Amino acid sequence: MDLGLAGRRALVTGAGKGIGRGTVKALHAAGVQVVALSRTRADLDSLVVEPLPGRAASGGTATPPGLGRRQKWLLCRPGALGRRKWTGRRRGQPPGHQARRCPGTALGPLPPPSAACVLNPKKCPGVEPVCVDLGDWDATERALGSVGPVDLLVNNAAVALLQPFLEVTKEACDTSFDVNLRAVIQVSQIVARGLIARGAPGAIVNISSQASQRAITNHSIYCSTKGAMDMLTRVMALELGPHKIRVNAVNPTVVMTPMAQANWSDPQKAKAMLDRIPLGRFAEVENVVDVILFLLSDRSSMTTGSTVPVDGGFLAT
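Because the structure is a prediction, the values reported are computed rather than measured.

Colleague: An account of the overall build of the protein chain is requested, with residue identities and associated values reported.
Modeller: Scanning the protein chain from terminus to terminus reveals 8 helices and 7 strands. Counting the 317 residues in the protein chain, one finds 48% classified as buried. Relative to all contacts within the protein chain whose residues are 6 or more apart in sequence, the contacts with residues 24 or more apart total 68%. Here the protein chain has roughly 15200 Å² of accessible surface; of this, 54% comes from carbon and sulfur atoms.

So this is what it looks like as structure tokens:
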């Protein structure tokens, strides 16, 4: 099903791993220009050279839609050297016609905007990385001040610092609320103000958790930040709705991301949670990404202020 997202521009926070990374890849495949934000430079570096749907893998070629056999582009590849030639040439061009050199870290002809290549993302459209720690308000303001217009926002960045209630530290409180809640407010303000200034509609999806609605041992701070996010989502929907900006939250169960694997690697702990999930399994990244893309699309044009569980029935128990 075509969600009609092509041609829009999205910002995804926490884009380096897990749900955020999966969302970037899915949006890119849907024809969306993506600003991928992460605090970890290595994650962003690997993302922009990773073969994404619609992007030629290292050592392979791809033909952008609409080009015939005489007009195939040889897409750029990491580490490619020298110039690249057309695989076919137009009438009147001499044999061995040289395609123009593509700027960036790889060389070769530039594909049209509908295709993607593994290049310096500032030079070629596709995925634009932004490296910043969302816990730093001033640095975030500077980093996002020049990203340009954004139509879609996914607030995915989060930390999960698990401590028994009597051992919760100030540092854990400050870090958790700074990243899980305050940054959502700040980034959403930046994007919403831009949409309103342009008179453009938009959609925001906040990645919450089933922990926003159920108490979980050692999750007092995490549960608190996600509970606050759910209410923030509703208030944002109330105030931004008149500006044609929809705001929803997705509330997954445990998703098999690196963060979840670190926190749920104990078989006994995992079994206690799985026993409360009617479907008997944790979620995969794509289960959550599918719902995110639906909420970003016009297919959900009458949905705002909602918290959508992706939890295998956990909240029904």
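So, next bit.
Colleague: So what's going on with unusual backbone geometry? Residues and values would help.
Modeller: At Asn218, a position not held by glycine, the phi torsion is positive, near 70°. On the secondary structure map, Asn218 appears in the loop between strand S5 (202-207) and helix H5 (220-240).

Colleague: Explain the packing of aromatic side chains to me, using residue names and the numbers behind them.
Modeller: Counted by the stated rule, this structure contains 1 aromatic pair. Above the face of the Trp264 ring, Lys269 is positioned so that its terminal group lies 4.5 Å from the ring centre.

Colleague: Now, about the environment of Asp174: what can you tell me, with residues and values included?
Modeller: Within the secondary structure, Asp174 sits in helix H4 (residues 170-198). C-alpha separation for the pair Asp174 and Ile221, spaced 47 residues apart in sequence, amounts to 9.8 Å. A polar side-chain atom of Asp174 sits 2.5 Å from a polar atom in the side chain of Lys170.

Colleague: Any chance you could break down the packing of H4 against H5 for me, citing the residues and the numbers?
Modeller: Where H4 contacts H5, the axes come no closer than 9 Å and their chain directions differ by 15°. It follows that H4 is roughly parallel to H5 by the angle criterion. Crossing of H4 over H5 shows right-handed handedness. For the pair H4 and H5, the contacting residues are Ala172, Cys173, Ser176, Phe177, Asn180, Leu181, Val184, Ile185, Ser188, Ala192 and Ile196 in the first and Ile221, Tyr222, Ser224, Thr225, Ala228, Met229, Leu232, Met236 and Leu240 in the second. For the contact of H4 with H5, a count of residues per class yields 15 nonpolar, 5 polar and no charged.

Colleague: Which residues make up the pairing of strand S6 (residues 245-252), and what are the values?
Modeller: Counting buried residues in S6 gives 8 out of 8 residues, a clear majority hidden from the surface. Alternating positions in S6 separate into two faces, Ile245, Val247, Ala249 and Asn251 on one and Arg246, Asn248, Val250 and Pro252 on the other, with burial throughout. Pairing geometry for S5 and S6, over 6 bridges, is parallel. Note that in S6 the partner of Ile207 across the bridge is Val250. Of the strand pairs in this sheet, S6 and strand S7 (residues 307-310) are connected by 4 bridges, and their pairing is parallel. Within S7, the residue paired with Asn251 across the bridge is Pro309.

Colleague: Can you explain the sheet that holds strand S1 (residues 9-13)? Please cite residues and give values.
Modeller: Taken together, the 7 strands give an open sheet; going across it, the order is S3-S2-S1-S4-S5-S6-S7, and neighbouring strands pair in parallel fashion. Looking at the sheet topology across the chains shown, the edges are occupied by strand S3 (127-131) and S7. Each strand of the sheet is rotated relative to its neighbour by a mean of 20°, with strand direction disregarded. The sheet contact formed by S1 and strand S2 (residues 33-38) spans 5 bridges and is parallel. Pairing of Thr13 across the sheet is with Leu37, part of S2. Relative to S1, helix H1 (residues 18-29) is tilted by about 165°, and along the sheet it contacts S1, S2, S3, strand S4 (152-155) and S5. In the packing of helix H8 (residues 285-296) onto the sheet, the strands contacted are S4, S5, S6 and S7, and the crossing angle to S6 comes to about 165°.

Cut-off values and rules
- Residues numbered from 1 in each chain as written.
- Predicted model: local features only at pLDDT ≥ 70, side-chain atom pairs only at ≥ 80, totals over all residues.
- Heavy atoms only, no water.
- Helix = DSSP H or I, 4+ residues; strand = E, 2+ residues; numbered from the N terminus.
- Buried < 20%, exposed > 50% of the residue type's maximum accessible area, 1.4 Å probe, protein only.
- Contact = heavy atoms within 4.5 Å.
- Areas by Shrake-Rupley, 256 points an atom, 1.4 Å probe, with all protein chains shown as cover.
- Phe/Tyr/Trp six-rings, centres within 6.5 Å; stacked < 30°, edge-to-face > 60°.
- Lys NZ or Arg CZ within 6 Å of the ring centre and 35° of its normal.
- Polar contact = N/O pair within 3.5 Å; in protein donor to acceptor, adjacent residues only side chain to side chain.
- Axes fitted to C-alpha atoms, helices over the stretch in contact; angles between N-to-C directions.
- Parallel < 35°, antiparallel > 145°, perpendicular 65-115°, else oblique.
- Left-handed = near helix turned anticlockwise from the far one by under 90°.
- Nonpolar A, V, L, I, M, F, W, Y, C, P; charged D, E, K, R; others polar.
- Pairing = 2+ DSSP bridges.

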